[in-house]
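Okay, here's what each chain looks like letter by letter:
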Amino acid sequence: MPNLILPPPWRTPECQITPESLYLQAISRRSCLKLVGLGGLAAMGWLPACSQPVSEAEFSKNPKNYELSDVDRQVYPADHNATFVLDRPMTDEHIAAQYNNFYEFSEAKDDVWQRVGGFQPRPWTIAVSGLVKRPQQLDIDDLFTIMPMEERVYRHRCVEAWAMAVPWTGFPLKALVEKVDPLSTARFIRFTSFHSPQVAMGQRGYGPWPYTEGLTMAEATNELALLVTGIYGHPLPKQHGAPLRLVTPWKYGYKSIKSIVAMEFLAERPATFWNTLIPHEYDFVANVNPRIPHPRWSQDTERMIGSDQRFPTQYLNGYQEWAGLLYA
Ligand SMILES: Nc1nc2c(c(=O)[nH]1)N[C@H]1C(S)=C(S)[C@@H](COP(=O)(O)O)O[C@H]1N2
Ligand SMILES: [Mo]
């Protein structure tokens, strides 16, 4: 077995302990791992290097990675939902836009925003199928005009212990579920991301592509589960998962699947991307919980990107009031 034991996080910069990329690299370089271990890989420069985001001024000179369509002009800015208030400063827009987990484009986080240029989030349809009374192909712009759009500020907690707090625009997943009218036999929803290795280099490498995720029906119809179309009062830049992504803020970030092309209503629990790759580290439920450490690091605290401020991790990421009953 390759040695997957790492130095404690306080001795290794976080960008070098990225568990998900380590796993992919461990697969492609298993024989090397046997010889040198992960510390050796880092020393040889094979693990993502740490780099600082470019300044807001520098960042603004780059393409925005989103366009405002006529529909978008009607949607933004959406009404702010005052229920969801933060306990900490909001993350700067340019910081969030330069630190992204999106394995289709990069195993590092700091260069996703520079690699998404060839990705086209229009035209875009979402196929809703399976155990529903009204299966359908939804055109994304049609969908945006009929759904109840609102802005919510949520905290976001990655399983790797970094966090951010941003204003999303979107509509409750529940509203879409009601529109397609699930059969009583539907117990789960499987979400699938796009698959185009021509533009998404990461999909040429190892992995059960396309990226998939899943929720129980109870989770999917919880008020918190948001289908997100925008961030900071404008459409999602490609690196955040344009044109439509899920956000489930009480769960670790890997549940918040980006660039969704299909939703299937199923009787059985679906296989999902990270849970298939490395099941003992990334479980299906993935609720934020400081009492359950990741096998390779503690989940006691989280680091806000940009400020590096640390906060204690909260059960269900602090959303117990809304999501707590799901697991009582
Ligand atoms: N399709 C897809 N969705 C994805 C991922 C991914 O690699 N591919 N990464 C997930 C993880 S691990 C996190 S933390 C969040 C990051 O979202 P952000 O880049 O908008 O902050 O996206 C999630 N959704
Ligand atoms: Mo993540």
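Residues numbered from 1 in each chain as written. Chains lettered and ligands numbered in written order. Predicted model: local features only at pLDDT ≥ 70, side-chain atom pairs only at ≥ 80, totals over all residues. Heavy atoms only, no water.

Undergrad: Would you explain the environment of D181 in this entry?
TA: Its location among the elements puts D181 in the loop between α8 (173-180) and β6 (188-193). Exposure remark for D181: the relative accessible area of 24% places this residue in the partly exposed category. Separated by 48 residues in sequence, D181 and K133 place their C-alpha atoms 5.4 Å apart. The contact partners of D181, leaving out residues within four places of it in the chain, are V132, K133 and R134. (Helix = DSSP H or I, 4+ residues; strand = E, 2+ residues; numbered from the N terminus. Buried < 20%, exposed > 50% of the residue type's maximum accessible area, 1.4 Å probe, protein only. Contact = heavy atoms within 4.5 Å.)

Undergrad: Whenever I open this one, the nonpolar core confuses me. Can you help?
TA: Where a protein is soluble and globular, its nonpolar side chains tend to be buried together. Of all hydrophobic cores here, the largest spans 78 residues; its most connected members are W168, L173, F191, F265 and W274. The contact partners of F265, leaving out residues within four places of it in the chain, are V128, S129, G130, L131, V132, V177, V180, P182, A186, F188, I189 and M217. (Core = buried A, V, L, I, M, F, W, Y, C linked by side-chain atoms within 4.5 Å.)

Undergrad: Looking at this structure, I do not really get unusual backbone geometry. What am I missing?
TA: A negative phi holds for most residues other than glycine; trans holds for most peptide bonds. Note the cis peptide between R122 and P123, where omega equals -15°. For S259, which is not glycine, the phi dihedral falls at a positive 45°. Checked against the element boundaries, S259 lands in the loop between β10 (245-247) and β11 (260-266). Positive phi values are uncommon outside glycine, yet A286 reaches one of about 60°. With respect to the secondary-structure elements, A286 resides in the loop between α10 (273-277) and β12 (301-304). Given the relative accessible area of 1%, A286 is considered buried.

Undergrad: Honestly, the site of ligand 1 in this entry has me stumped. Any pointers?
TA: Taken together, 19 residues surround ligand 1, and among them Y103, E104, H240, R245 and K258 come closest. Within the backbone of N101, a nitrogen or oxygen atom sits 3.2 Å from a nitrogen atom of ligand 1. Within the contact set of ligand 1, a nitrogen atom lies 2.9 Å away from a side-chain nitrogen or oxygen of S193. Out of a free accessible area of 530 Å², ligand 1 has 100% covered by protein chains. Here the residues of the shell around ligand 1 sort into eight nonpolar, seven polar and four charged. (Near = heavy atom within 4 Å. Polar contact = N/O pair within 3.5 Å; in protein donor to acceptor, adjacent residues only side chain to side chain. Areas by Shrake-Rupley, 256 points an atom, 1.4 Å probe, with all protein chains shown as cover. Nonpolar A, V, L, I, M, F, W, Y, C, P; charged D, E, K, R; others polar.)

Undergrad: Sorry, what's going on with the sheet that holds β6 here?
TA: Note on sheets: strands pair through backbone hydrogen bonds, and any given pair is parallel or antiparallel. A sheet is described by the order of its strands in space; here five strands give the open sequence β3-β2-β11-β6-β7, paired in mixed fashion. Each edge of the sheet is formed by a strand with only one pairing partner; in this case those strands are β3 (136-139) and β7 (212-216). With direction set aside, neighbouring strand axes in the sheet form an average angle of 20°. With five bridges joining them, β6 and β7 adopt antiparallel strand pairing. Considered in β7, the bridge of R190 is made with G214. (Pairing = 2+ DSSP bridges. Axes fitted to C-alpha atoms, helices over the stretch in contact; angles between N-to-C directions.)

Undergrad: What is the right way to look at the packing of aromatic side chains in this model?
TA: The description of an aromatic ring pair uses the distance of the two centres, along with the angle that the planes make with each other. All told, the structure shown has 20 aromatic pairs when counted by the stated rule. Look at F119 and W124: their rings are 5.8 Å apart centre to centre, the planes differ by 80°, and that puts the pair in the edge-to-face class. Look at W124 and you get buried, because its relative accessible area is 7%. Aromatic side chains F119 and F194 sit 4.7 Å apart centroid to centroid with 40° between the ring planes, which places their arrangement in the tilted category. (Phe/Tyr/Trp six-rings, centres within 6.5 Å; stacked < 30°, edge-to-face > 60°.)

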